[in-house]
Amino acid sequence: MGDSRVFSDYNPTATRSGAGTVSRIRLENFMCHSNLQIELCPWVNFITGQNGSGKSAILTALCIAFGSRAKGTQRASTLKDFIKTGCSYAVVEVEVKNQGEDAFKHEVYGDAIIIERRINQSTSSTVLKDFQGRKVASRKEELRELIEHFNIDVENPCVIMSQDKSREFLHSGNDKDKFKGKVESLRDLFTKKKAQIAHMMQKTSEVRRKQDDLRHSISSATKQKLELEEQHGRETKRIQSILKRASSLQQEVQDIQEQHVKNTQAEESEIEEKLKELQYKVDDANSTLLRLKEDERVLSESVSKGMNEIRKISEEIQNYEKEEREIRGTIQQLRQHKTNKVTAFGGDKVIHLLHIIERFHHKFNKPPIGPIGAHLTLVNGDTWAPAVENAIGRLLNAFIVTNHRDMNLLRDCAREAKYNNLQIIIYDFSRPRLNIPSSMLPQTNNPTALSVIHSENDTVLNVLVDMGSAERLVLVENYDLGKAVAFDKKIPHLKEVYTLDGYKMFSRGSVQTVLPPNKKFRTGRLCSSYDHQIKNLEQRISDFKMNAEECRKRKRAREANLQDLEGDLKNAKERCLVAERALATKTLALRDLKKSYVTERSSPAASTVDELHQEISKLHEEIQERKNFLETLRVRRDEAEAKALDLKLSFENLCESAKEELDAFEEAEGELMKIEKDLQAAEAEKAHYENIMTNKVLPDIKAAEAHYQELEENRKESSRKASIICPETDIEALGGWDGSTPEQLSAKLYRLSQRLQHESQLYSDSIDDLRMLYEKKQRKILRKQQMYQGFREKLKACQEALDLRRNKFQRNSALLKRQLTWNFNGHLGKKGISGNIKVDYEGKALRVEVKMPQDASSSTVHDTRGLSGGERSFSTLCFALALHEMTESPFRAMDEFDVFMDAVSRKISLDTLVDFALAQGSQWIFITPHDISMVKHGERIKKQQLAAPRS
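The model shown is predicted, which means the values in this text are computed figures rather than measured ones.

1. Here's the deal with the overall build of the chain
Scanning the chain from terminus to terminus reveals 20 helices and 23 strands. Total accessible area on the chain is roughly 58,500 Å²; 51% of this is exposed by carbon and sulfur atoms.

Structure, rendered in structure tokens:
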């Protein structure tokens, strides 16, 4: 069961270098597999096999490798449950590609990363290895950083949809369940009770198994008894029916002998003449129908051809519009780069990051340098810009720091700026510019990437040499010259060759590699002027508009012609229908006349009577056989009844002996349900008080604060007026006014003077020293107040930014809701179904509505449980694909996505999946137990079948 086989052609040379895709999965002693290795292509993979062959174990292994917990897979409660029975450990090994610009720490891992998770009876460990299998890291933080880098969330159904998620994704009638898959965190008591029940289930599993076996035996015996009784009744009715048939045949023999009538010669001649006339009319109607059918076939082919032409023109228009939208996006970016060239190397995020670095510049040992691209210019104009960006493009957005502490500080700044996956290079700023001897450079007349760029910063050039090998990257003008330089001349110190049109060529030993241009890679970031690029792109938009308008004219003409052809086809079909009816009428009349003619010519010959007597004799024999069989059935029925009675007694004895354990289990189960109910009630109560806090308490607090602010303003105004009469400082020096009269204040002043004399005698500090100390404290208080004011200003700025982000979020959420419905309707429309998705962000609910075609039902289904199994699975698939178009992941996997589907739905689903997967671009893994021979073949489609399970 550990081997798989490929049963469709797959071209291994047509590979891609997408970072994050899975190239290999190896399982050892995992679930039902002793040793299984699956090789995957970077595009579309189909894995099929019989039930029990271990298909779903592949997706479970993916989840486990990328850090998922056992409960998260919905296949086991602990990791040790995945160890194959009879083994002491299990190993899951996943190899991930690590090539291209999005590679994760390529200088450490190389072109591939191997994730190995080993599971023992008590522990589990995860190790990350490089492309040669050498251990690099074993910390969970490293795996988490890798997962965040590639945006891999295996617990998201849009990334990995398991069997259970495939069946339940849209089956729930609860709108909130569709909005949030489900909450796993429970209270400690709830967890302990579940553990107790699991322990009791282990003790009672054997009893329940015996009970199930006995129930099954009782059910089988009872079923056998009922079947025998039903068969006994059927046989009795059958004997009675045969007796009636025999009596009827006897009566028929007598009627035939009594009702014989001879036909005259004249009647026979008349009937033959009518037969000839009807045969002529039938032949004429048949020839007319054949001619009309041919006309209908020609018109139908013309209509089909016209529809295909219109579809191709529509696709051509869509391609033009798509190219136009992409170019407009590029123009917008170029105009942004024109305003601020730094945005070409990280967008608005890098501007925000530079502001934060400026704010914390005093904390750095040396200010970071970056982005690197902002420090580079081209020596000889923009001629070599595309080739240079293709050669060192992955370093243009990077920053350079002088030590590890500065790197961590810059990482914190990037996190504050929401700049994820920032590439940071540690380099010694004090090193002078590298002097590369000519003997260490490629001996060619073509320029290198280092020779066509200029920078005032020596550290930037040193990094491009040390980290990017810029002095060994040769630039050429075209493909043929690139092949000659890369492969024919064997130039020493040459690493890679880049052409102006985007090709990359290099040799590694005896292997020669040519990588085609990356269509998604945009150049022009190093150009000195963006006006020329913008002008060329605007001209391309104008050309696309002209071509699209020309296509629309052709489409309108084809549609008008198609409408005429459809009218002619409809008329032809109606004429064919009339001709078919006429032919059917004439054929039926001819057949009835022939039948009556044969009947009149025939006579109740002796042979017919003999045949009836023979049939009566056979019926009597059959009656005797069935009476014998009836007796046999009665004996078997009595035996089955006795067996069922014995099994019932055995079952009752077993239930009596296991009653105590089962009662304890049911009691614990009831306690668990009560705890769960109490937990839900507590959470509802918490939500209730939070609602009261939001709607009642907080408004009162805000009103009190506003009243306090008003009183504070009145106090300040009164204080200002009173200070005109007596300065507040004088009153404060006396301890402030407490509402006393002048006489009381005079007495108090006298007491204070006495106390002053007394205190002066006790303490040596002068009043000036105390006043200085007081002023020092006042200055400290002032600084704290200024600091507080600064914090208030920052808080205000944060609040304004939060309001702005909230407004943007609301706009984006509205657009996402509409996009989700559009995508969902687009996929449903391939089967003639329409639908709608309503998202309530505040209530955290998602409602799916599906409307079936008019010929099936005219009502809208609000609860997907009202659909059939196939319709529900197809709706689930369409909903999942709609979400796929709005999410990003290097690979995606779906298990039993076609469950309950009929042949038509499965064909539409498979075509939709393959077309979507190839267009979407990421890696896809589809697992199904059904036949996939109907899936179209291609270089980017790989099919594998797991070996049948061994008995």
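Let us keep going from here.
2. Thoughts on the sheet that holds strand β5 (residues 89-97)
Within a sheet, adjacent strands bond to each other through the backbone by hydrogen bonds, running parallel or antiparallel. Judged by pairing direction, the sheet is antiparallel, and its 6 strands sit side by side in the order β3-β2-β5-β6-β7-β8 without closing on themselves. If you trace the sheet from one side to the other, it starts and ends with β3 (33-39) and β8 (135-137), each paired once. Between one strand and the next, the sheet's axes are offset by a mean angle of 20°, whatever the strand orientation. Looking at chain direction, strand β2 (residues 22-30) and β5 are connected through 6 bridges and run antiparallel. Of the residues in β5, the one forming a bridge with Arg26 is Glu93.

3. Quick word on the packing of aromatic side chains
Summed over the entire model, instances satisfying the criterion amount to 8 aromatic pairs. For the ring pair Phe30 and Phe82, a centre distance of 5.4 Å and an interplane angle of 20° mean the geometry is stacked. Of the two residues, Phe30 is situated in strand β2 and Phe82 in the loop between α1 (56-65) and β5; the sequence distance between them amounts to 52 residues. Each member of the pair, Phe30 as well as Phe82, is classed as buried. By way of ring pairs, the aromatic residues Phe46, Trp924 and Phe926 are connected into one cluster.

4. Digging into the sheet that holds strand β17 (residues 511-515)
The strand order across the open sheet formed by 4 strands is β14-β15-β16-β17, and the pairing between neighbours is mixed. Each end of this open sheet is capped by a strand with a single partner; those strands are β14 (473-476) and β17. Each adjacent strand pair in this sheet contributes to an overall mean axis angle of 20°, direction not counted. Relative to β17, strand β16 (residues 504-508) runs antiparallel, the two sharing 5 bridges. Residue pairing across strands places Arg508 opposite Val511, the latter belonging to β17. In this fold helix α12 (residues 479-488) packs onto β14, β15 (496-499), β16 and β17, with an angle of close to 15° to the strand it touches most, β16.

5. Some points on the pattern of salt bridges
Applying the stated criterion across every chain, the model contains 25 salt bridges. When the shortest N-O distance is used, the salt bridge between Lys105 and Glu142 registers 3.2 Å. Here Glu142 lies in helix α3 (residues 140-150) and Lys105 lies in the loop between β5 and α2 (106-109), a separation of 37 residues in the sequence. Taking relative accessible area as the criterion, Lys105 reaches 28% and is therefore assigned partly exposed. The shortest N-O distance in the salt bridge between Arg552 and Glu321 comes to 2.9 Å. One end of the pair, Arg552, is in helix α13 (residues 531-601); the other, Glu321, is in helix α7 (residues 265-339), and 231 residues separate them in sequence. The exposure class assigned to Arg552 is partly exposed, which follows from its relative accessible area of 28%. Using a relative accessible area of 30% as the deciding quantity, one classes Glu321 as partly exposed. Among the ionic contacts, a cluster of salt bridges with common partners joins Arg24, Arg26, Glu28, Glu93 and Glu95.

6. Let's talk about the pairing of strand β19 (residues 845-851)
When you tally the buried positions in β19, you get 5 out of 7 residues, the bulk of the element. As paired strands, strand β18 (residues 834-840) and β19 are joined by 7 bridges and run antiparallel to one another. By the bridge assignment, Gly835 is partnered in β19 with Val850.

7. Regarding a positive patch on the surface
On the surface, Lys776, Lys777, Arg779, Lys780, Arg783 and Lys784 cluster together into a patch of positive charge. Relative to the helices and strands, Lys784 resides in helix α18 (residues 767-828).

8. Regarding helix α9 (residues 385-392)
Extensive coverage of α9 is indicated by the burial of 6 of its 8 residues. Listed in full, the buried residues belonging to α9 are Ala385, Ala387, Val388, Glu389, Ala391 and Ile392. Turning to α9, the residues buried within the fold contact β10 (377-378), β13 (453-454), α11 (458-466), β14 and β15.

9. Concerning the packing of helix α8 (residues 347-359) against helix α10 (residues 404-416)
Taken N-terminus to C-terminus, the directions of α8 and α10 make an angle of 130°; their axes are 9 Å apart at the nearest point. Taken together, the axis directions place α8 and α10 in an arrangement best described as oblique. Handedness of the α8/α10 crossing: right-handed. For the pair α8 and α10, the contacting residues are His352, Leu353, Ile356, Ile357 and Arg359 in the first and Leu410, Cys413, Ala414 and Glu416 in the second. Of the residues assigned to the contact of α8 with α10, the class counts are 6 nonpolar, 1 polar and 2 charged.

Cut-offs applied
- Residues numbered from 1 in each chain as written.
- Predicted model: local features only at pLDDT ≥ 70, side-chain atom pairs only at ≥ 80, totals over all residues.
- Heavy atoms only, no water.
- Helix = DSSP H or I, 4+ residues; strand = E, 2+ residues; numbered from the N terminus.
- Areas by Shrake-Rupley, 256 points an atom, 1.4 Å probe, with all protein chains shown as cover.
- Pairing = 2+ DSSP bridges.
- Axes fitted to C-alpha atoms, helices over the stretch in contact; angles between N-to-C directions.
- Phe/Tyr/Trp six-rings, centres within 6.5 Å; stacked < 30°, edge-to-face > 60°.
- Buried < 20%, exposed > 50% of the residue type's maximum accessible area, 1.4 Å probe, protein only.
- Contact = heavy atoms within 4.5 Å.
- Salt bridge = Lys/Arg side-chain N within 4 Å of Asp/Glu carboxyl O.
- Patch = residues over 30% accessible without salt bridge, like charges linked within 9 Å, V, L, I, M, F, W, Y side chains within 5 Å.
- Lys, Arg positive; Asp, Glu negative; His and termini not counted.
- Charge placed at Lys NZ, Arg CZ, Asp CG, Glu CD.
- Parallel < 35°, antiparallel > 145°, perpendicular 65-115°, else oblique.
- Left-handed = near helix turned anticlockwise from the far one by under 90°.
- Nonpolar A, V, L, I, M, F, W, Y, C, P; charged D, E, K, R; others polar.

These values are about where atoms sit, not about what they do.
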